[in-house]
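# Geometric and topological summary
As a plain string of letters, each chain reads:
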Amino acid sequence: MEIKDYIVFLCYFVIVAGYGLYIYYKKKSASGDSKDYFLAEGSLTWWAIGASLIASNISAEQFIGMSGSGFKIGLAIATYEWMAAVTLVVVAIFFLPVYLKNKIFTMPQFLSQRYNGTVAMIMAVFWLLLYIVVNLTSILFLGALAVSSISGLDFQACMIGLAVFAIFITLGGMKVIGYTDVIQVFFLILGGLATTYLALNLVSDHFGGTGVLDGFGIVHNKAQDHFHMILKPDNPNYIDLPGLSVLIGGMWVINLNYWGCNQYITQRALGADLPTARNGLLFAAGLKLLMPLIVVLPGIAAFVLYNDGLFQQEMLAGGELNPDRAYPVLLNLLPTGLKGLSFAALTAAVVASLAGKANSVATIFTLDIYKKIFDKDATEKKLVNVGKITIIVSMILAIIIAPYLGIDKKGGFQYIQEYTGFVSPGVFAMFLLGFFWKKTTSNAALFATIGGFILSILLKALPNYMDLSFLASTGFSIPFDGVYEIPFIDRIGFVFIFCVIGMYIISMYEHKKGVVTKGLEIDATMFKTKTGFAVGALLIIGITAALYTIFW
């Protein structure tokens, strides 16, 4: 990067930091209420909620990892984004009303209110470990790796710099996070689109076309095998995206668990009224449809150029082709000034995600562990201070342990999916039945959490002890490194079904024994939507269906 790039980046930093301070002092609560600090109760608008959701979700693993997957697999990896758009509509209609009607502000609080304190405390500790050891570390590590490779700055210095920037925003509370995320998303999308524009222009110029539209046409013609959303069993990447399972199988469990049962995601909407929260999720769904243009298409363009002889050395890491190099390679080709803008976009994605996750760590620890175990009579001001200390401690822990987890060897996207995928089926089953079936018992919830985790490990290890080739004709077993394995997404679907059946049997048995359960307050009117939202939701679903039809 040159001086102009650093000036552009400095402008981004000053704008975000200055606006954050402005929001902090303008909307600071005189009472120092903890819910106001952690949830920005009643303060966030629908556009701030939607932008904050996307800013927390999109990070280095999308920019680097999904572009790499675009290079390797193609548009099929966009199913994580486009299915998320439909999922957000489902969460807005069916999940949000349950949370808001029952005044639920944290996920452990829901478990305590619906089941019991034991289930809630077990999951609170688990979520803390997951957010710090898996989420914070992977985003911080991958973000620093990307920033370091583009800027030439020291890797450790980049880790510390990103962490400090994120802490600065997070200490201001959810209001500051929510409103600064609007700016972060602006830079994220603008810088991302600049990189896509460059990539398509490069393709166009290289093959004698004119402009980005020609570039897209050439990319589509030169890499037609990269523009299929539903992969066939003979595709070498079927193990990652097993055909129709991305539409009717385990992908639903992954998405609904992530967007509907995840503290750092749902937290953005829990402080608002229902219409505002729903509109925020709808806005986020619309932005989700745009994301593959930013995080997948550049990778496919890089693949076309690589196949025609460009980037032969740049795409190598350790002497081998590394698809995750695609996005950094493209960024380094940007002209001066524009490179600084894209650098700011990548930094915005990393910092916003770090801030969102750190705030959720602080919320869960303060409200669900500290207040319940260590100081039940803590004042609101003390709870806010404990939350701020937790933010700093969690970020320091992430900086210390991130280099020792082998994140660079696994790939950040795969690293997160691998570790969360062992527990997401059980957690989602526990939430789903807890929402909509009043007979669900606490023991059934514990079974789903523990039993689902154990079964996930068993199915992962099963190919080492049993030949699964007999399942090959069904598509549920694919040869991978010489061994027939169950695709990751299918495994999640199987475990979820197992958990639901187990929970049903246990709950019915205990119900007959006279066990009393604590159902939530639910009625049909909660799920009615306003006309404007209904039209927007149908539009999102229609566009998604059209995209899958066009690129089937």
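Quick note: structure is the one above.
Structural notes, computed from the coordinates. This structure is a prediction, so every number in the text was calculated from the model and none was measured.

Rules used throughout
- Residues numbered from 1 in each chain as written.
- Predicted model: local features only at pLDDT ≥ 70, side-chain atom pairs only at ≥ 80, totals over all residues.
- Heavy atoms only, no water.
- Helix = DSSP H or I, 4+ residues; strand = E, 2+ residues; numbered from the N terminus.
- Rg over C-alpha atoms; globule rule 2.2 N^0.38 Å.
- Buried < 20%, exposed > 50% of the residue type's maximum accessible area, 1.4 Å probe, protein only.
- Contact = heavy atoms within 4.5 Å.
- Areas by Shrake-Rupley, 256 points an atom, 1.4 Å probe, with all protein chains shown as cover.
- Disulfide = S-S within 2.5 Å.
- Core = buried A, V, L, I, M, F, W, Y, C linked by side-chain atoms within 4.5 Å.
- Phe/Tyr/Trp six-rings, centres within 6.5 Å; stacked < 30°, edge-to-face > 60°.
- Lys, Arg positive; Asp, Glu negative; His and termini not counted.
- Salt bridge = Lys/Arg side-chain N within 4 Å of Asp/Glu carboxyl O.
- Polar contact = N/O pair within 3.5 Å; in protein donor to acceptor, adjacent residues only side chain to side chain.
- Axes fitted to C-alpha atoms, helices over the stretch in contact; angles between N-to-C directions.
- Parallel < 35°, antiparallel > 145°, perpendicular 65-115°, else oblique.
- Left-handed = near helix turned anticlockwise from the far one by under 90°.
- Nonpolar A, V, L, I, M, F, W, Y, C, P; charged D, E, K, R; others polar.

### Examining the overall build of the protein chain
- What the protein chain contains, in helices and strands, is 24 helices and four strands.
- Against the compact-globule benchmark of 24 Å for 552 residues, the protein chain has a radius of gyration of 23 Å, which places it among compact chains.
- Oriented by its inertia axes, the alpha-carbon framework of the protein chain measures out at about 75 × 65 × 50 Å.
- Across the 552 residues in the protein chain, those meeting the buried criterion constitute 59%.
- Taking as baseline every contact in the protein chain between residues at least 6 positions apart, the subset at least 24 positions apart corresponds to 83%.
- Total accessible area on the protein chain is roughly 21700 Å²; 66% of this is exposed by carbon and sulfur atoms.

### Observations regarding the state of the cysteines
- This structure, assessed with the given rule, holds zero disulfides.
- Note on cysteine 11: no disulfide assigned, nearest cysteine sulfur contributed by cysteine 158 at a separation of 19 Å.
- You can call cysteine 11 partly exposed: its relative accessible area is 43%.

### Description of the nonpolar core
- Membership of the largest hydrophobic core comes to 180 residues, with the highest contact counts inside it found for Leu111, Trp127, Leu241 and Phe431.
- Top contributing element to this core by residue count: helix H7 (residues 117–151), with 18 residues.
- Filtering out sequence-adjacent residues up to four positions away, tryptophan 127 remains in contact with Met107, Pro108, Leu111, Cys261, Ile364, Val427 and Phe431.
- Residues Leu367, Tyr370, Ala378 and Leu383 belong to the second largest nonpolar core, which totals five residues.

### Details of the packing of aromatic side chains
- Overall, the coordinates contain 29 aromatic pairs when judged by the stated rule.
- Their ring planes at 85° and their centres at 5.4 Å tell us that tryptophan 46 and phenylalanine 283 sit as a pair that is edge-to-face. Note that tryptophan 46 is positioned in helix H3 (residues 46–57) and phenylalanine 283 in helix H14 (residues 274–295), a separation of 237 residues in sequence.
- The exposure class of phenylalanine 283 is partly exposed, given its relative accessible area of 30%.
- With a centroid separation of 4.9 Å and an interplanar angle of 80°, the aromatic rings of tyrosine 258 and tryptophan 259 are classed as edge-to-face. Each member of the pair, tyrosine 258 as well as tryptophan 259, carries the same accessibility label: buried.
- Among the aromatic residues, ring-to-ring pairing joins Phe94, Phe95, Tyr99, Phe110, Trp127, Phe431, Phe435, Phe436 and Phe527 into one connected group.

### Re the environment of isoleucine 23
- As for its placement among the helices and strands, isoleucine 23 is situated in helix H1 (residues 3–26).
- On the accessibility criterion, isoleucine 23 (3% relative accessible area) is buried.
- Sequence separation between isoleucine 23 and valine 361 is 338 residues; the distance between their C-alpha atoms is 22 Å.

### Some details on the side chain of aspartate 490
- Along the chain, aspartate 490 falls in helix H23 (residues 488–512).
- Although buried, aspartate 490 forms no salt bridge, and the nearest oppositely charged side chain, arginine 491, lies 9.6 Å from it.
- For aspartate 490, the side chain forms a polar contact with the side chain of serine 245, separated by 2.4 Å.

### Observations regarding unusual backbone geometry
- Phi angles above zero are rare outside glycine, and lysine 103 is one such case at about 50°.
- Here lysine 103 shows up in the loop between helix H5 (79–101) and helix H6 (107–114).
- A positive phi angle, near 60°, is found at phenylalanine 311, a position not held by glycine.
- Summarising the element assignment, phenylalanine 311 is placed in the loop between helix H15 (297–307) and strand E1 (316–317).

### Some words on the environment of tyrosine 25
- Mapped onto the fold, tyrosine 25 is located in helix H1.
- Linking tyrosine 25 and glycine 172, residues 147 residues apart in sequence, is a C-alpha distance of 9.2 Å.

### What to know about the packing of H1 against helix H17 (residues 338–374)
- Running from N to C, H1 and H17 point in directions that differ by 40°, and their axes come no closer than 7 Å. Between H1 and H17, the crossing angle belongs to the class labelled oblique. Read as a crossing pair, H1 and H17 show a hand that is right-handed. Of H17, the residues touching H1 (which contributes Asp5, Val8, Phe9 and Tyr12) are Leu338, Lys339, Gly340, Leu341, Phe343, Ala344, Thr347 and Ala348.
- Along the lines of polarity and charge, the residues of the contact of H1 with H17 split into eight nonpolar, two polar and two charged.

### Considerations on the packing of H6 against helix H21 (residues 424–436)
- H21 packs onto H6 with a crossing angle of 50° between their chain directions and a minimal axis gap of 11 Å. When the axes of H6 and H21 are compared, the pair comes out oblique. Between H6 and H21 the crossing geometry is left-handed. For the pair H6 and H21, contact is made by Met107, Phe110, Leu111 and Arg114 and by Met430, Phe431, Leu433, Gly434 and Phe435, respectively.
- Among the residues forming the contact of H6 with H21, the class breakdown is seven nonpolar, one polar and one charged.

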